[in-house]
Amino acid sequence: NQLVFPYLELYDLLFEAACPVHTVLMLGSGGCSYPRYLVAHHPEVSCDALEIDPKIAALAHGCFFVDEAIRESNGRLQVQVANGIEYIKSLAASDNKRYDAILNDCFSGEVPPAAMMTSEWMSQVAHCLTPGGRYLTNVVSAQVGEEARQLEQLMDAARTVFEQVEIVPLDPETNPTESDNLMLVCQRA
């Protein structure tokens, strides 16, 4: 239950808010590295992990100890094959479950789905969060300059909805004009 990639450590920023974290939704869970780590290191947290690709989800179950993590967490980790966009849309339209944090690692290559770059998306995500809840999304982008268009689009969309929006670089020493993993951290009032 160790993290495979260094950028996954940035998801722990969700614990830096004043609000306690008990329920987490992970979109784009892939091999479930962070969800497994989360439930192993934070016994107070339950995590619903979604992966759109059934082959990746099967690989996670077969090769990356997901079934073992589900058992060891006494069911605090749940993994399902689902489209994160549709899941959020459905959840936002209901008054059922709300999450203390929603984590997003959905990509096609280095580009997030276009539907996850809009004010409408940010509004739906915010509606799925508890008061004070946080939305963290991994972004591969430069912080400034020509290569920062994707980041600027995300930040503009997030600022229309969230009270607090900040960018945290994986490596603060990286040249801000070069692409790197960044974490967009948004907090609901």
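Our structure's up above, just so we're on the same page.
Along each chain, the written sequence defines residue order, and numbers are assigned to residues from 1. Selection of residues for local features in this predicted model requires a pLDDT of at least 70, selection of side-chain atom pairs for listing and counting requires 80 or more, and totals for whole chains, interfaces and linings are taken over all residues. Hydrogens are left out, water is left out, and the side-chain values use all remaining heavy atoms of the structure.

Peer 1: Help me understand the packing of aromatic side chains, please; the structure alone is not making it clear to me.
Peer 2: Given two aromatic rings, one states the distance between the centres and the angle between the planes to describe the pair. When the centres of two rings from Phe, Tyr and Trp lie within 6.5 Å, Trp using its six-membered ring, the rings pair. Their planes under 30 degrees apart give stacked, over 60 give edge-to-face, and anything left gives tilted. Scanning the entire structure with this criterion turns up four aromatic pairs. Relative to Y7, the ring of F5 lies with its centre 6.2 Å away and its plane at 20 degrees, an arrangement referred to as stacked. Throughout this description, buried means an accessible area under 20% of the type-specific maximum (1.4 Å probe, protein chains only), exposed means over 50%, and partly exposed covers the range between. For F5, a relative accessible area of 47% gives the class partly exposed. Their ring planes at 50 degrees and their centres at 5.4 Å tell us that Y11 and Y34 sit as a pair that is tilted. Here Y11 is found in the segment before β1 (23–27), whereas its partner Y34 is found in helix α1 (residues 33–41), with 23 residues between them in sequence. Strands here mean DSSP runs of E at least two residues long; helices mean DSSP runs of H or I at least four residues long; both are numbered from the N terminus.

Peer 1: Is there a simple way to think about the pairing of β1 in this case?
Peer 2: Looking down a regular strand, the side chains alternate between one sheet face and the other. In terms of burial, β1 is a largely internal element, five of the five residues being buried. Of the two faces of β1, both are covered, the one formed by T23, L25 and L27 as well as the one formed by V24 and M26. Direction of pairing for β1 relative to strand β2 (residues 46–51): parallel, over a ladder of five bridges. Within β2, the position partnered with V24 by the bridge is C47. At least two DSSP bridges between two strands are required for those strands to pair.

Peer 1: Sorry, what's going on with helix α6 (residues 149–159) here?
Peer 2: Since there are 3.6 residues in each turn of an α-helix, residues three or four apart along the chain are aligned in direction. Among all positions in α6, only Q150, L151, L154, M155, A157 and A158 are buried. Down the axis of α6, the buried set is contained in an arc of 160 degrees. They therefore lie on one face. Should any heavy atoms of two residues lie within 4.5 Å, those residues are considered in contact. Looking at the packing, one finds that the buried side of α6 touches α5 (119–127), β5 (129–141), β6 (164–169) and β7 (180–187). Regarding the arc, it is the one traced by the directions from the helix axis to the C-beta atoms.

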